[in-house]
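Architecture and fold: a report
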Amino acid sequence: KEADIEKLEIKVNDVAIDVLSEYVYRDEMVFRARGKAEELKKSHSSNAKAFMTLGDLYAAQHRTEAALEMYRKAHGLSPNQPLVHVRLSRLLLQTSLKKEAKAELVHIDDEIKAGTKNKEFFVEAAQLFLDFQELSEAGEKAFILARALQVELAPNSTIGYRLEAQALRLQNQPEQAVKAI
């Protein structure tokens, strides 16, 4: 029995080491990618996408202030880029900068009302609404996002249905929420 326990411990430790090495590898890749993005930022200082990418990389490393700075720079360079509003809103809400987040949410609302058909924008906006339930309480935007995802932009994904169910639940319609899923 002792030999079996030792074999099991070795196996568990091997799995733990594999998981840890995957995290180290991923962090190393993010670190390298960030270095490349920093170089691109210098040579493409007017390219909003370079700043968005840097913001994403800083956010992945939980460097919130640096990510916010990059997203704000991207926003300044390309204020009509819908994804920057979603990503900036997410970080602002996470850091409790509600007033600034509300201003960004207005841009998201405008994009939804304008009928933007950008799948990535709709998916990220829907995930934002799922992660911050207070955004779904208004309902209308959540339903617009949900329907567009279900019917047109991501019909094979569950995100539109999950968003609709959440909005219905928040409107005290639990039976309809269950049906939506």
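The following paragraphs examine the structure supplied in this document. Throughout, a residue's number is its position along its own chain's written sequence, starting from 1. Side-chain atom pairs in this predicted model are given and counted only at pLDDT of 80 or more, local residue features only at pLDDT of at least 70, and totals for whole chains, interfaces and linings cover all residues. Note that water and hydrogens are dropped before the side-chain values are worked out from all heavy atoms of the structure.

1. Some details on the overall build of the chain
Our working rule: Runs of E in the DSSP output that reach at least two residues are strands. Runs of H or I that reach at least four are helices, and both are numbered from the N terminus. A contact between two residues is defined here by any heavy atoms of the two lying within 4.5 Å. All accessibility values rest on the Shrake-Rupley procedure with a 1.4 Å probe; residue burial counts only the protein chains present in the view.
Looking only at helices and strands, the chain has nine helices and zero strands in total. When the elements of the chain are put in sequence order from the N terminus, they spell out α-α-α-α-α-α-α-α-α. Within the chain, counting contacts between residues at least 6 apart in sequence, those at least 24 apart form 49% of the total. When the accessible surface of the chain is split by element, carbon and sulfur atoms take 54% of a total near 11200 Å².

2. Details of the pattern of salt bridges
Note the threshold: Put simply, a salt bridge is a Lys or Arg side-chain nitrogen that is within 4 Å of an Asp or Glu carboxyl oxygen. Summary of the burial criterion: residues with accessible area below 20% of their type's maximum are buried, those above 50% are exposed, and those between are partly exposed, where the area comes from a 1.4 Å probe applied to protein chains only.
Counted under the stated rule, the structure contains eight salt bridges. Residue Arg87 is joined to Asp56 by a salt bridge in which the shortest nitrogen-to-oxygen separation is 2.8 Å. Linking Arg87 in helix α4 (residues 82-94) with Asp56 in helix α2 (residues 48-60), this pair joins segments that are 31 residues apart in sequence. For the salt bridge of Arg90 with Asp131, the shortest nitrogen-to-oxygen distance reads 2.8 Å. With a gap of 41 residues between them, Arg90 in helix α4 and Asp131 in helix α6 (residues 119-131) connect regions that are remote in the sequence. Of the residues examined, Arg90 reaches a relative accessible area of 22% and is grouped as partly exposed. Looking at Asp131, the relative accessible area reads 41%, which means it is partly exposed. Overlapping salt bridges bring together Asp56, Arg87, Glu120 and Glu124 as one network.

3. As for α4
Put simply, the test is: What a helix is expected to span follows from its residue count: subtract one and scale by 1.5 Å. A 3.5 Å cut-off defines polar contacts: any pair of N or O atoms within that distance qualifies, except that in protein one atom must be a possible hydrogen donor and the other a possible acceptor, and neighbouring residues in sequence count only when both atoms are side-chain atoms.
Its 13 residues give α4 an end-to-end C-alpha distance of 19 Å, which sits within 8% of 18 Å, the value for a rise of 1.5 Å per residue. In terms of burial, α4 is largely enclosed, as eleven of its 13 residues are buried. Along α4, the residues that are buried comprise Pro82, Leu83, Val84, His85, Val86, Arg87, Leu88, Ser89, Leu91, Leu92 and Leu93. Looking at the buried side of α4, the elements it contacts are α2, α3 (64-77), α5 (98-114) and α6. N-cap assignment for α4: the residue whose side-chain oxygen lies 2.9 Å from the backbone N of Leu83 is Gln81.

4. As for the packing of α3 against α4
Just so we agree on the cut-off: As a rule, the C-alpha atoms of each element are fitted with a line to give its axis, helices using only the stretch in contact, and angles between N-to-C directions run from 0 to 180 degrees. Each angle receives one of four descriptions, namely roughly parallel if under 35 degrees, roughly antiparallel if over 145, roughly perpendicular if within 65 to 115, and oblique otherwise. For any helix crossing, the convention is left-handed if the near helix is rotated counterclockwise from the far helix by under a right angle, and right-handed if that rotation is clockwise. Charged means Asp, Glu, Lys or Arg here, nonpolar means Ala, Val, Leu, Ile, Met, Phe, Trp, Tyr, Cys or Pro, and polar covers whatever is left, Gly included.
Close contact between α3 and α4 brings their axes to 10 Å; oriented N to C, the two are set at 150°. Taken as axis vectors, α3 and α4 run roughly antiparallel relative to one another. You can see that α3 and α4 cross each other, and the crossing is left-handed. Residue-level inspection shows Thr64, Ala67, Leu68, Tyr71, Arg72, Ala74 and His75 of α3 in contact with α4, the latter providing Val84, His85, Arg87, Leu88, Leu91 and Leu92. Grouping the amino acids of the contact of α3 with α4 by side-chain chemistry returns eight nonpolar, three polar and two charged.

5. Focus: the nonpolar core
Note the following rule: The definition of a nonpolar core used throughout is a set of buried Ala, Val, Leu, Ile, Met, Phe, Trp, Tyr and Cys residues joined through side-chain atoms within 4.5 Å.
Membership of the largest hydrophobic core comes to 41 residues, with the highest contact counts inside it found for Leu128 and Leu163. For this core, the elements supplying multiple residues, two or more each, are α2, α3, α4, α5, α6, α7 (140-153) and α8 (159-170).

6. Section: the side chain of Glu111
The criterion, for reference: In this tally Asp and Glu are treated as negative and Lys and Arg as positive; neither His nor the chain ends contributes.
Mapped onto the secondary structure, Glu111 falls in helix α5. Despite its burial, Glu111 remains without a salt bridge, the nearest opposite charge being carried by Lys117 at 11 Å. With residues near it in sequence (within four places) discarded, Glu111 still touches Asn80, Pro82, Thr116 and Phe121.

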